[in-house]
Amino acid sequence: MDFRMDKSSWVMLAFMLITFMFFILEGAGGGLPLVGYFQAFGFSLLVMIALVAIMCIPVLIYCFIVKMIPDIDYSIRAAFAMTIIGIISEIIL
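First things first, this report covers the structure right here in the doc.

Criteria and thresholds
- Residues numbered from 1 in each chain as written.
- Predicted model: local features only at pLDDT ≥ 70, side-chain atom pairs only at ≥ 80, totals over all residues.
- Heavy atoms only, no water.
- Helix = DSSP H or I, 4+ residues; strand = E, 2+ residues; numbered from the N terminus.
- Buried < 20%, exposed > 50% of the residue type's maximum accessible area, 1.4 Å probe, protein only.
- Expected span 1.5 Å × (residues − 1).
- Axes fitted to C-alpha atoms, helices over the stretch in contact; angles between N-to-C directions.
- Parallel < 35°, antiparallel > 145°, perpendicular 65-115°, else oblique.
- Left-handed = near helix turned anticlockwise from the far one by under 90°.
- Contact = heavy atoms within 4.5 Å.
- Nonpolar A, V, L, I, M, F, W, Y, C, P; charged D, E, K, R; others polar.

## So, unusual backbone geometry
And step 1. Within the chain, lysine 67 stands out as a residue other than glycine whose phi angle is a positive 65 degrees.
And step 2. Following the sequence through the fold, lysine 67 ends up in the loop between helix 2 (34-66) and helix 3 (72-92).
And step 3. For lysine 67, a relative accessible area of 69% translates into the label exposed.

## Details of the environment of isoleucine 61
And step 1. Structurally, isoleucine 61 is set in helix 2.
And step 2. Among the residues examined, isoleucine 61 registers a relative accessible area of 47% and is labelled partly exposed.
And step 3. When the C-alpha positions of isoleucine 61 and glycine 27 are compared, they lie 36 Å apart, and in sequence the two are 34 residues distant.

## Considering helix 3
And step 1. Spanning 21 residues, helix 3 covers 30 Å between terminal C-alpha atoms, matching the ideal 30 Å at 1.5 Å per step.
And step 2. Those residues of helix 3 lying buried are Ile72, Asp73, Ser75, Ile76, Ala78, Ala79, Thr83 and Ile87.

## Notes on the packing of helix 2 against helix 3
And step 1. Relative orientation of the contacting elements helix 2 and helix 3 amounts to 120 degrees, with a least axis distance of 8 Å. Compared by their axis directions, helix 2 and helix 3 come out oblique. The handedness of the crossing between helix 2 and helix 3 is right-handed. On the side of helix 2, the interface is formed by Leu51, Val52, Met55, Cys56, Val59 and Cys63, while helix 3 contributes Ile72, Tyr74, Ser75, Ile76, Ala78, Ala79, Met82 and Thr83.

## Some details on the packing of helix 1 (residues 7-28) against helix 2
And step 1. Following both chains from N to C, one finds helix 1 and helix 2 inclined at 130 degrees, their axes separated by 9 Å at the closest point. Considering the angle they form, helix 1 stands oblique to helix 2. The chirality of how helix 1 crosses helix 2 is right-handed. Of the residues in helix 2, those touching helix 1 at Leu13, Met16, Leu17, Phe20, Met21, Ile24 and Leu25 are Gly36, Tyr37, Ala40, Phe41, Phe43, Ser44, Leu45, Val47, Met48, Leu51 and Val52.
And step 2. For the contact of helix 1 with helix 2, the per-class residue count stands at 16 nonpolar, 2 polar and no charged.

Functional significance is not addressed by these values, which are geometric in nature.
Given below as structure tokens:
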């Protein structure tokens with residue numbers, strides 16, 4: 001697996017991190033102490049890493065079937081797509 005990342009992947013990771021942190025802080029309400037923001041950052045970072053790791057599984061299967069070299073950018077793009085689907089479902093429902 002190739003672990004070099006494009007610049008667009010860094011932007012997608014930053015967007016996912018900010019989005020997860022926004023929804024965690026929005027759900028917590030106002031008046032959080034500073035520790036709450038650190039906890040929200042840590043939990044959103046953990047969720048982002050877990051989402052990219054879970055999306056590696058279908059990427060590896062697809063790359064094995066198509067005989068391609070797997071790339072971490074594919075997993076990040078798939079995790080970004082799942083994040084966008086989550087945002088859309090949150091807005092609709």
